[in-house]
Amino acid sequence: MLILERANQNDSPKLAEIQKASFDDESKHFNNNEIGGPLGYDSISWQEEMMQNCEYFKVLYNGEIIGGAMIFIENNQVHNLGRIFIDPKYQNQGIGKKVMKEIEGSFPDSTKWWLDTPSWSVKNHHFYTKCGFTKVREEDDMYIFEKTV
């Protein structure tokens, strides 16, 4: 059973651990073996800070935290998917796509979603495209994707 629930401070260590595993796995495979992720991805205190600054959800699967998502609300209709991550052990099973549907359902007034992702992150590009996003532009080493609902 998959549940999307607001994250709390007690979840920070587990979310940092999963985020690190997820981003390190992606970068290892698609970024010339360079390990790393976005700002704060492996920091417990950064997770706690984000819980104060955005809508931070944990993904529960059979009662276990297996991922998370951060949503930044720009206005009632425009939302930024700041981050979504699933433990590599649970990837490629359709869970991420279900999480995206849950996220979108949690913000029924949203008419536009956008996100950025590294240009080298081929797996992310494929995932976001499957979820209905379209690459609209490139900025530096990032691709910007949008989805109109």
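Since we're looking at a predicted model, the values are computed, not measured.

Draft legend 1. Local environment of the overall build of the protein. Helix and strand counts for the protein stand at four helices and seven strands. Listed N to C, the secondary structure of the protein is β-α-α-β-β-β-α-β-α-β-β in terms of helices and strands. Over its C-alpha trace the protein gives a radius of gyration of 14 Å, about what one expects of a compact globule, namely 15 Å for 149 residues. Seen through its principal axes, the protein has C-alpha atoms that stretch 40 × 35 × 30 Å.

Draft legend 2. Spotlight on the pattern of salt bridges. Tallied over the full model, the rule gives eleven salt bridges. A salt bridge links Glu146 to Lys112; the shortest N-O distance between them is 3.5 Å. Of the two residues, Glu146 sits in strand β7 (residues 142-148) while Lys112 sits in strand β5 (residues 112-118), which places them 34 residues apart along the sequence. When salt bridges with common partners are traced through the structure, they connect Lys112, Arg137, Glu139 and Glu146 into a single cluster.

Draft legend 3. Fine view of helix α4 (residues 122-130). Along α4, the residues classified as buried are Asn124, His125, Phe127 and Tyr128. Mapping the buried residues of α4 onto a view down its axis gives an arc of 165 degrees, with all of them on the same face. Gly132 sits one or two residues past α4 and shows a positive phi near 95 degrees.

Draft legend 4. Unusual backbone geometry, seen in detail. In this model, Asn62 sits at a positive phi of 50 degrees, which is unusual for a non-glycine residue. Checked against the element boundaries, Asn62 lands in the loop between β2 (55-61) and β3 (64-73). At Asn92, a position not held by glycine, the phi torsion is positive, near 65 degrees. Summarising the element assignment, Asn92 is placed in the loop between β4 (78-86) and α3 (95-106).

Draft legend 5. Representation of the environment of Lys58 in the model. Inspection of the secondary structure assignment puts Lys58 in strand β2. A relative accessible area of 7% means that Lys58 is categorised as buried. Taking the C-alpha atoms as reference, Lys58 lies 9.7 Å from Ser12; in sequence the two are 46 residues apart. Among the polar contacts listed, one links the side chain of Lys58 to the side chain of Asp11, at a separation of 3.0 Å.

Draft legend 6. Summary view of the side chain of Gln47. Positionally, Gln47 belongs in helix α2 (residues 44-53). Relative accessible area serves as the criterion here: at 0%, Gln47 is assigned to the buried category. Polar side-chain contacts of Gln47 include one of 3.1 Å to the backbone oxygen of Ser43. When residues no more than four places from it in sequence are discounted, the contact partners of Gln47 are Ser12, Leu15, Ala16, Gln19, Gly40, Tyr41, Tyr56 and Met70.

Draft legend 7. Quick look at the packing of aromatic side chains. With the rule as written, the count across this model stands at seven aromatic pairs. Ring centres of Phe23 and Tyr41 lie 6.1 Å apart, and the angle between their planes is 85 degrees; on these two criteria the pair is classed as edge-to-face. Here the residue Phe23 occupies a position in helix α1 (residues 12-30), and Tyr41 occupies one in the loop between α1 and α2, the gap between them amounting to 18 residues. Residue Phe23 is classed as buried on the basis of its relative accessible area, which comes to 16%.

What counts, and where the lines are drawn
Residues numbered from 1 in each chain as written. Predicted model: local features only at pLDDT ≥ 70, side-chain atom pairs only at ≥ 80, totals over all residues. Heavy atoms only, no water. Helix = DSSP H or I, 4+ residues; strand = E, 2+ residues; numbered from the N terminus. Rg over C-alpha atoms; globule rule 2.2 N^0.38 Å. Salt bridge = Lys/Arg side-chain N within 4 Å of Asp/Glu carboxyl O. Buried < 20%, exposed > 50% of the residue type's maximum accessible area, 1.4 Å probe, protein only. Arc of directions from axis to C-beta. Polar contact = N/O pair within 3.5 Å; in protein donor to acceptor, adjacent residues only side chain to side chain. Contact = heavy atoms within 4.5 Å. Phe/Tyr/Trp six-rings, centres within 6.5 Å; stacked < 30°, edge-to-face > 60°.

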